[in-house]
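Summary of structural features
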Amino acid sequence: MIADYINHGWQLCPILLGKKGPVHAGWNKPENALRTVPDRECNIGLLHVLSGTCALDLDDLPLAAAWLAERGVDLRELLSDPTAVQIVSGRVGSGKLLYRLGMPLPSKKVIVTVAGQRKVALELRCASADGMTMQDVLPPSLHPNGTRYQWRGDWRNLPPIPQQLLDVWVALIADEGERKAPTEMGDRPAAAMSEVASALNSCDPDSDRHTWIEVGMAVHDAATTNDCLEIGFDLWNTWSMKSPVKYPGERALLAQWASFKTREDGITVATLFKHATDRGWTPSPPDLSGLFKPIPLPATAAEEKATFDAVKEKLSPTAMLPKIDLALWPSPLVARATEVAEEVGCDVAVSLLAGLAAVSAAADKRISLRITDTWSVPPVLWLMTIGDPADKKTPGSKPLFTPLRQLEVDDKPRAEAEKLAWLGKEARYAAQQKAYRDWAASPESSIPGSIPPTVDPCPPAPEALRLLVTDSTSQKFVSLAQYRPRGFLLWLDEMASWLSRMLGAKTTEDRGCWIQTYETGPYSFDRMGSGSIFVEHLASSIYGNVQPEIFRRNVTEAATDGMIQRFLPVVLNPEKTTMWQNSRPDFASHRGDYEQLIRRTFMLPELEYSLAPDANGLFREFCEWALRLRDNERYSNHSSTYQTALGKIEGNAARLVLLFHLIDDPFTPFISRETVKRGIDLFQRFFIPMMRHAFLEIGKQRDTTGIVIFDFILQQSGTRPTVTLGEIRKSCRHVLGEAGIPLWQSDAIIRANMDELSASGYAAMHQDHPRNPAWAINPNLATMFENHRRAIIEGKQRVIEQLKANIGGDVKVGDAHGYRTI
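None of these values were measured; they are calculated from a predicted model.

This part takes up the overall build of the chain. Looking only at helices and strands, the chain has 30 helices and 23 strands in total. Its C-alpha atoms give the chain a radius of gyration of 39 Å, clearly above 28 Å, the size a compact globule of 822 residues would have. Along the longest, intermediate and shortest principal axes, the C-alpha atoms of the chain span 135 × 65 × 65 Å. Per-residue burial over the chain gives 49% buried out of 822 residues.

Before going further, it helps to spend a moment on helix 12 (residues 331–344). Its 14 residues give helix 12 an end-to-end C-alpha distance of 20 Å, which sits within 8% of 20 Å, the value for a rise of 1.5 Å per residue. When we look at burial in helix 12, the residues that qualify are Leu333, Val334, Arg336, Ala337, Thr338, Glu339, Val340, Ala341 and Val344. Buried positions along helix 12 lie against helix 13 (348–362), helix 14 (393–410), helix 20 (591–603) and helix 23 (649–664). Once helix 12 ends, the next one or two residues include Gly345, with phi positive near 85 degrees.

Using the criterion set out here, one finds three cavities of 30 Å³ or more in the structure. The space that makes up the second largest cavity amounts to roughly 60 Å³. Grouping the constituent residues of the lining of the second largest cavity by class yields three nonpolar, two polar and three charged.

Our next topic: the packing of aromatic side chains. Applying the stated criterion across every chain, the model contains 36 aromatic pairs. Here Tyr762 and Phe785 contribute two aromatic rings whose centre-to-centre distance is 6.0 Å and whose plane-to-plane angle is 80 degrees, an arrangement assigned as edge-to-face. Placement of the pair is Tyr762 in the loop between helix 28 (743–759) and strand 22 (763–767) and Phe785 in the loop between helix 29 (781–784) and helix 30 (786–807), with a sequence separation of 23 residues. The exposure classification of Tyr762 matches that of Phe785, with both residues buried. An aromatic cluster is present here, built from Trp382, Phe477, Phe488, Trp498, Trp514, Tyr518 and Phe567 joined pairwise through their rings. Over the aromatic face of Tyr518 sits the side chain of Arg655, whose NZ or CZ is 3.9 Å from the ring centroid.

Time to look at the packing of helix 12 against helix 14. Two elements in contact, helix 12 and helix 14, have axes whose closest approach is 9 Å; the angle formed by their N-to-C orientations is 140 degrees. In this view, helix 12 runs oblique relative to helix 14, as classed from their interaxial angle. Here helix 12 runs over helix 14; the crossing is right-handed. Where helix 12 abuts helix 14, its residues Arg336, Val340 and Val344 lie against Pro395, Gly396, Pro399 and Leu400. Tallied by class, residues from the contact of helix 12 with helix 14 come to five nonpolar, one polar and one charged.

Attention shifts here to the environment of Arg553. Assignment of secondary structure puts Arg553 in helix 19 (residues 548–558). When its relative accessible area of 55% is taken as the criterion, Arg553 is described as exposed. Between the C-alpha atom of Arg553 and that of Gly396, which follows or precedes it by 157 residues, the distance is 25 Å.

A separate point is the pattern of salt bridges. Scanning the entire structure with this criterion turns up 37 salt bridges. The shortest N-O distance in the salt bridge between Arg599 and Asp410 comes to 2.5 Å. Placement of Arg599 in helix 20 and of Asp410 in helix 14 is noted, with a sequence separation of 189 residues between them. Classification of Asp410 by relative accessible area gives partly exposed; the value is 38%. A salt bridge links Arg566 to Glu519, with the shortest nitrogen-to-oxygen separation between them at 3.1 Å. One end of the pair, Arg566, is in the loop between helix 19 and strand 18 (567–571); the other, Glu519, is in helix 18 (residues 511–519), with 47 residues separating them in the sequence. Glu519 gets classed as partly exposed once you look at its relative accessible area, which sits at 35%. Among the ionic contacts, a cluster of salt bridges with common partners joins Asp57, Lys96, Glu123, Arg125 and Asp136.

In this section: the nonpolar core. Residues Trp329, Phe401, Leu404, Trp498, Tyr543 and Phe551 are the most contacted members of the largest nonpolar core, which totals 121 residues. Of all the elements, helix 24 (residues 673–698) adds the most residues to this core, at 13 residues. Beyond its immediate sequence surroundings of up to four residues, Phe401 is in contact with Ala354, Ala357, Ala358, Leu468, Leu489, Trp491 and Tyr543. Membership of the second largest hydrophobic core comes to 29 residues, among which are Ile295, Leu736, Met754 and Leu781.

We now examine the confidence of the model for the chain. Per-chain confidence: the chain averages 88 in pLDDT, with 94% of residues scoring 70 or above. Note on residues 177–189: pLDDT under 50 across the span, and 35 contacts to partners over four residues away in sequence or across chains.

Looking now at the state of the cysteines. Each disulfide consists of a covalent bond between the sulfur atoms of two cysteine residues. Applying the stated criterion across every chain yields a total of zero disulfides. The thiol of Cys228 is unpaired, and the distance to the nearest cysteine sulfur, on Cys13, comes to 13 Å. Taking the relative accessible area as the measure of exposure, Cys228 reaches 10% and is therefore buried.

Taken in spatial order, the six strands make up an open sheet running 6-7-3-5-4-9, and their pairing is antiparallel. The strands lining the two open edges of the sheet, one partner per strand, are strand 6 (108–114) and strand 9 (150–152). Direction aside, the axes of adjacent strands within the sheet are offset by 25 degrees on average.

Before going further, it helps to examine unusual backbone geometry. With an omega dihedral of 0 degrees, the bond running from Pro139 to Pro140 counts as a cis peptide bond. Turning to its location among the elements, Pro140 is positioned in the loop between strand 8 (135–138) and strand 9. A positive phi angle, near 60 degrees, is found at Lys392, a position not held by glycine. Of note, Lys392 is situated in the loop between strand 12 (382–386) and helix 14.

Spatially, 13-14-17-12-18 is the arrangement adopted by the five strands of the open sheet, whose pairing is parallel. Bordering the open sheet on either side are strand 13 (468–469) and strand 18, each of which pairs with just one other strand.

About the cut-offs
Residues numbered from 1 in each chain as written. Predicted model: local features only at pLDDT ≥ 70, side-chain atom pairs only at ≥ 80, totals over all residues. Heavy atoms only, no water. Helix = DSSP H or I, 4+ residues; strand = E, 2+ residues; numbered from the N terminus. Rg over C-alpha atoms; globule rule 2.2 N^0.38 Å. Buried < 20%, exposed > 50% of the residue type's maximum accessible area, 1.4 Å probe, protein only. Expected span 1.5 Å × (residues − 1). Contact = heavy atoms within 4.5 Å. 1 Å grid on protein atoms, 1.4 Å probe; cavity = no way out; pocket = protein on both sides within 12 Å on 5 of 7 lines; lining within 4 Å. Points joined across faces, edges and corners; volume = space filled by probe spheres on them. Nonpolar A, V, L, I, M, F, W, Y, C, P; charged D, E, K, R; others polar. Phe/Tyr/Trp six-rings, centres within 6.5 Å; stacked < 30°, edge-to-face > 60°. Lys NZ or Arg CZ within 6 Å of the ring centre and 35° of its normal. Axes fitted to C-alpha atoms, helices over the stretch in contact; angles between N-to-C directions. Parallel < 35°, antiparallel > 145°, perpendicular 65-115°, else oblique. Left-handed = near helix turned anticlockwise from the far one by under 90°. Salt bridge = Lys/Arg side-chain N within 4 Å of Asp/Glu carboxyl O. Core = buried A, V, L, I, M, F, W, Y, C linked by side-chain atoms within 4.5 Å. pLDDT = per-residue confidence, 0-100. Disulfide = S-S within 2.5 Å. Pairing = 2+ DSSP bridges.

Here it is as structure tokens:
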């Protein structure tokens, strides 16, 4: 049977024949688990934590059934389940069920009071309170009463623990309240017997009888908790024998031991620790090294750095700069943008974005894509390139706007002719007004039936075509838009001055007005000095170039009302900046095709497009994907700016799809699935990764909580075995505080990062308390990352030394944790 258990993958420990538990030291460590069948017959214990198992030990079936029933668990149903696996000892009124348990939980014993007597009803057994494994004797081990343990059910197919029973177990853990890690004195939920022995040996056996009884009751409490009363008695007996004068003999001591009863308000092991600490005893930290598998140590400083960088990259992934897949962009745009970029020697992203902005400028902003009855989008995009002055942003974008300027020039004769005709209408209107005023002032107006002169209304003065606006205040922009409902493109060759006006403390700029140009629609502009202006349709796309430092300096303030998040930022790759090339000859250039595209887009009437049925389904799938993306990013990236930008990706993607359709097939009322797919692919593979890079890397808003946590864990390693959630929270409070993360979310973020460290073998869950769990720290970290640990500690120590020097005098400031050990 032992061989079968081992082959099945269970971890076992040997037990003396006829005993229920091991007595040898280290039995609960992984390295001491049985690998082969012992030479002589013995009982066998199943090590739960190491085997992924647990047990429901029923000491009193009626009491256990009643207690579980109060919590919604039917014990009869558990016992009669055809998949149940039981260990039968033959003792009447008891039982034991075995289950699979994926995550170790601390064992919990349920004690109920019946007629004034405290009785153990059941125990949920897996791990000890200090994270080590508990065990249960397996068949065919020998019971102390001489019978053999037997299986009932197929032990090779243990069922998972029922959810109702697991909920009860978790509730028992939660009911204990917040506990400190057991490396500190005060609240030690279940001390190991080795620690009890250490504390006991520090106490004076020649003490008075009252102390002697208290010590015995404390040892009895610890032995009861650990289910090893025989070991507890041996410890107390051996200690008492050190005082020959007061030692009453083993028979009397055994009678005294039998009189001890576990009471909720009685003496606990904490009393023993109190007596021991009064005599100078200090608790030894628990040995949690058994929770960790061996980790290969780096052989060189270079290997250490590479491993260290890999850990930090995993905890706080770098938002990489994505590459442009030109196959996803409309071919007429790619052809012209590529030749401009090659001629100038710049990143093709500059010319592509400028071309996309030019198409948006040429399109009437009253054109729309209808998604649902209540949701439609205009061909309006806000685009931004982020690059250094040497990245050739201006020469790479300017040629793409030339056709727009030409359209404005071509419109001048029309505008001048209409203005001349309007002047005549204005003169006639003035003459008619004068005639009406003269009639109204004459006696004739009082004659009944008198007919006043006719005054025909004068239309608004015709406006010259404006497609580009290079600089404007919000008030001037509204006046420009009053009789130009087709909208504009605000072309900001350098966004620095525009951003400074938007964000200045004493600015008169109306940011809400600019945001309305993105949303489009009617707009009323009311000011005391300038009166009221009503705009039938206020709309504007924006194309701007900005330097990384300007973007970084303004991103937080510009994000307060979502203005900066409406932009699609594209960070330029400086490696793409090359030497300029000679222009292509006219016969080989795509300039003419591109100009025709702009003119054709300009001539399009005010249309409403819709998605083809299969395209609509594809776009709906994208919207569902976007919802999942936001949920996934919520815990890994705390930048509120980036999170808000993610909230606008569905609308921006729809606007991009509309522009693609205007370029490729503007005379078809339904947008095809292929066009939608290209727009979605471009968003998923380029624009969203670019947003991450812009906001998290360039804007310096990447979440570094995981790195701060790892540095803290690394600093503690080698000096303490465990760390609690509260201590971790305190170490990274500045990072979470700056991000405005609430407490409940902070704890979830910390747990997620600790799970990542645990998966890498650098930490392990020690006490999974719902409010203040504790993690064990891999002691090998101090050696594995020795150089980086030293750098962290010395850096913090330098800050402390500077503080002492600045304050002067007798400053009560301790050294950085671990400073004396390096």
